[in-house]
Each structure stands twice: as structure tokens, then as C-alpha cells.
Amino acid sequence: MRRMTEAVSGLVNTDDDVRRAEPASPPKGADLPRGGDLEPDRPDGVGKRHNCDVEWEDFDSGSYWNHNYRSLREDDREIIRTVGSFFRKCFLGIPTDGLSGVDVGSGTNMYPALAMLPWCEKIELIDHSVRNVEWLQSEVSSLRSTWRPFWDELCSVGYERKDFPRVRAAIAGSTRVVRSNVFELTENTYDIGTMFFVAESMTDDENEFEKATECFLRSLRPGAPFAAAFMDSSEGYVVGDKLFPAVHEVTKTRVENVLAGLVADGEVTVDKIRVPPTDPLRDGYEGMLIAVGRTRGNP
Ligand SMILES: C[S@@+](CC[C@H](N)C(=O)[O-])C[C@H]1O[C@@H](n2cnc3c(N)ncnc32)[C@H](O)[C@@H]1O
């Protein structure tokens, strides 16, 4: 497979409240059937879209951010609390700020990086799409203030309450954006890691979902804390006017089974976050799943 690793970093910190123009919200819950304009699935797998078949350069970063992260949703609030509490518990009484962290398939989501920030000297944000890489590069250089409530939520579970300009400076100083591919991550590299809504939302193929989850976990050192989020039973999703694939078979049980083969016994918990009844993110999913745990082996 062609290796595509290209580092671009954003180290400039600018003032608060500098906003970039964003496109208007896409239609909420664009109601496309599973597969949409794709050929219907067949038992032999023909018609499924693999990760390499998807036009990731059609991923409209601004639209995705606008729909998902312009404001803090209730389901994300629950996820942040789960992940923040877990990471904090992992490092309680262990003064550490020199770890190497990774967020895989960052898209336009900065809260996984915020969740790792207190313990990391450096964090790599990895994405395959040049558009997302460029969006991230701009974002890390000047985190917009819409991320403040996300940070406040981490403080509510015990993160040190740094004022937001210091958080912004810490992100700009420690974060590097890297264009790469989850399937090409170097094993045994990072001390802590996150991967949110990637393995099940980058392909229609169940094997690729499992492989991406495995590659993510293998990129972490033994005993490393991790958090991974998945959409439950997703039928695919629209970004801008493009349909992106998802593995519909991903459920809580499926995630538990896949992780059980990769993580030491008793070292992972998977919680289901239900769809907020009055504020679903879109149609065509059954909730969100958040897994927290440690990779196999001793730290
Ligand atoms: C549904 S988005 C999730 C974005 C973000 N992590 C979030 O929490 O919203 C899926 C992301 O995976 C990225 N991606 C797709 N294929 C990838 C691959 N092979 N390696 C790394 N990232 C990939 C996409 O560019 C996109 O940013």
C-alpha cells in the first residue's frame, strides 16, 4: 500500500474569537437509504465501498464541523465525561506531562486532543484527507472559542481548570497534524490514543472496521490508555452533499467482541450513549458507543 505520511504543524497562537467563515448547516439528518446511490450490497461483498474507494477529498470539513461540533451536544457531553474520567483515573497520583499521544482520523473534532492534553508533551492528529489535514492545521494554530464548553466539561470531571487562552496555547505548542493512514500506523509508538467515529465510518466492509481498530490499538504501547468511539448501527452519513459509508453491523456487542480479542481481560468498558430524543444527530443510527481501556501488556 502506498505510504502517505506528511507532517504539517500549526504552532501559531492567535487571539480569541477569530472565526472562520463556515458554510451554512447541511440539512439535518439527510434521509438517504443505506448505500444511497451505491450499488446494493450482494452476499459476495460486491457493491460495498472499501476505504480506498471513498473520495475522502470530497469530505467537506467546514460542513462536518458545523453539523457536529459548532456547539456541544448532549451525547458528546456524555462521551467527554466518560473519557475524561477514565484518563484522569489512569494518571491519578502519577505526575506525567511528557507522553506522546495520537488521535486517529481527527476530521474536525478537537475534543479527543483536549482530553489527552494534560498528560502529553506531543499529540499527533492523523487524518487521511488533505482537506481535513488543512482544516486541522488551521485549527490547532488558533483553537476557536467554540471548544471552550468542551474543555469546561473536562474540567467538570477534574481536569485542571486552565483558562482557555492557555489551553489554546498548549494545543498550538504540542499538536502536530500528520497526513497518514490508519492502516499504515507504526506499531508500538504512542503512550495514549483516541480514535473517534473512524473505524466504522470509513468503509462498508466489516473486515476493514476490525482491521482499523486493530491497527489503532497496535500503534499504542503495551498498557496504554485509549478511548475509541463508534456509531451504533450507522447507515452511512452525509457530509455537505456527499454520502460516506459506515458498517451497519457495528453494535455494542460487536465492539465488545472485537476489542476482547485485542485488549487484556477486564481492561475495556463499552458504554452505549442513546440518541437524544429531541436532538438526534441525524437519521440512520442507533446511538453512539464509547470504549475506554488499556492495551494488552504492562505499561
Ligand atoms: C466520520 S469522520 C470522524 C472524524 C472525527 N474523528 C470525529 O470524531 O468526528 C471519519 C474520519 O476518518 C478519516 N479517515 C478515513 N479513512 C481514513 C484512513 N484510512 N486513515 C485515517 N483516517 C481516515 C476521514 O478523513 C474522516 O476525518
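That block above? That's the structure.
Everything quoted here is computed from the prediction, not taken from an experiment.

J.: How should the site of the ligand be read in this particular structure?
T.: As a structural note, the neighbourhood of the ligand is formed by 22 residues, with G105, G107, N109, H128 and F196 the closest of them. When the residues that make up the shell around the ligand are grouped by side-chain class, the tally is 10 nonpolar, 11 polar and 1 charged.

J.: Please clarify how the nonpolar core should be interpreted in this entry.
T.: Soluble globular proteins tend to pack their nonpolar side chains together in the buried interior. Counting 76 residues, the largest nonpolar core has L114 and A291 as the members making the most contacts within it. Here this core takes 6 residues from strand β6 (residues 225–231), the largest share from any one element. Leave out the neighbours within four places in its chain, and A291 touches A227, A228, V255, L259, V268, T269 and V270.

J.: Honestly, the packing of helix α2 (residues 74–91) against helix α5 (residues 148–156) in this entry has me stumped. Any pointers?
T.: Angle between the axes and distance between the axes: these two values describe a pair of packed helices. Direction vectors running N to C along α2 and α5 enclose 45 degrees, while the axes themselves pass 9 Å from each other. Between α2 and α5, the angle is such that the two are oblique. Where α2 crosses over α5, the handedness of that crossing is right-handed. The residues of α5 that touch α2, namely those facing R77, I80, R81 and G84, are F150, E153 and L154.

J.: I would appreciate a short explanation of the environment of E55 in the present structure.
T.: On the secondary structure map, E55 appears in the loop between β1 (6–9) and α1 (61–68). A C-alpha to C-alpha distance of 9.3 Å links E55 and K242, two positions 187 residues apart in sequence.

J.: Can you help me understand helix α4 (residues 130–141) in this one?
T.: Two residues of an α-helix separated by three or four positions point the same way, owing to the 3.6 residues in each turn. End to end, α4 covers 17 Å across 12 residues, agreeing with the expected 16 Å (1.5 Å per residue, within 8%). Within the span of α4, buried status applies to N132, V133, W135, L136, E139 and V140. One side of α4 carries all its buried residues, which in axial view fall inside an arc of 165 degrees.

J.: Before we go on, may I ask you to explain unusual backbone geometry in this structure?
T.: A negative phi angle is the norm for most residues apart from glycine, just as the trans form is the norm for most peptide bonds. Backbone geometry at F197 places phi at a positive 55 degrees, although glycine is not the residue there. Mapping F197 onto the fold places it in the loop between β5 (192–196) and α7 (206–218). The buried category is assigned to F197, around which 20 C-beta atoms lie within 10 Å. In the Ramachandran plot, S233 falls in the positive-phi region, its phi being about 55 degrees despite a non-glycine side chain. Looking at the element boundaries, S233 is found in the loop between β6 and β7 (237–239). We classify S233 as partly exposed; it has 19 C-beta atoms within 10 Å.

J.: Help me understand the environment of R131 in this model?
T.: Here R131 is to be found in helix α4. Taking the C-alpha atoms as reference points, R131 and D58, 73 residues apart in sequence, are found 8.2 Å from one another. Discounting residues that sit within four places of it in the chain, R131 has contacts with E57, F59 and S61.

J.: I keep staring at the environment of V83 and nothing clicks. Help me out?
T.: Of note, V83 is situated in helix α2. By the C-beta count within 10 Å, which is 27 here, V83 ends up buried. Put simply, V83 and T194 are 111 residues apart on the chain and 9.5 Å apart in space, counted from C-alpha to C-alpha.

J.: Which parts of the structure should I look at to understand α1?
T.: Within the sequence span of α1, burial applies to S61, S63, Y64, W65 and H67. Packed against the buried residues of α1 are α4 and β7.

J.: Where do I start with the pairing of strand β3 (residues 120–127) in this structure?
T.: Remember that side chains alternate between the two faces of the sheet whenever the strand is regular. Burial of β3 is extensive: 6 of the 8 residues sit out of reach of the surface. Direction of pairing for strand β2 (residues 99–104) relative to β3: parallel, over a ladder of 6 bridges. Bridging from a neighbouring strand, V102 pairs with E124 of β3. In terms of handedness, the path from β2 via helix α3 (residues 111–116) over to β3 forms a crossover that is right-handed. Note: β3 against strand β4 (residues 175–179), 5 bridges, orientation parallel. Bridging from a neighbouring strand, D127 pairs with R179 of β4.

Calculation rules
Residues numbered from 1 in each chain as written. Predicted model: local features only at pLDDT ≥ 70, side-chain atom pairs only at ≥ 80, totals over all residues. Near = placed C-beta within 6 Å. Nonpolar A, V, L, I, M, F, W, Y, C, P; charged D, E, K, R; others polar. Core = buried A, V, L, I, M, F, W, Y, C linked by C-beta atoms within 7 Å. Buried ≥ 20, exposed ≤ 12 C-beta atoms within 10 Å, placed from the backbone. Helix = DSSP H or I, 4+ residues; strand = E, 2+ residues; numbered from the N terminus. Contact = placed C-beta atoms within 7 Å. Axes fitted to C-alpha atoms, helices over the stretch in contact; angles between N-to-C directions. Parallel < 35°, antiparallel > 145°, perpendicular 65-115°, else oblique. Left-handed = near helix turned anticlockwise from the far one by under 90°. Expected span 1.5 Å × (residues − 1). Arc of directions from axis to C-beta. Pairing = 2+ DSSP bridges. Right-handed = clockwise from strand over helix to strand, strands pointing away.

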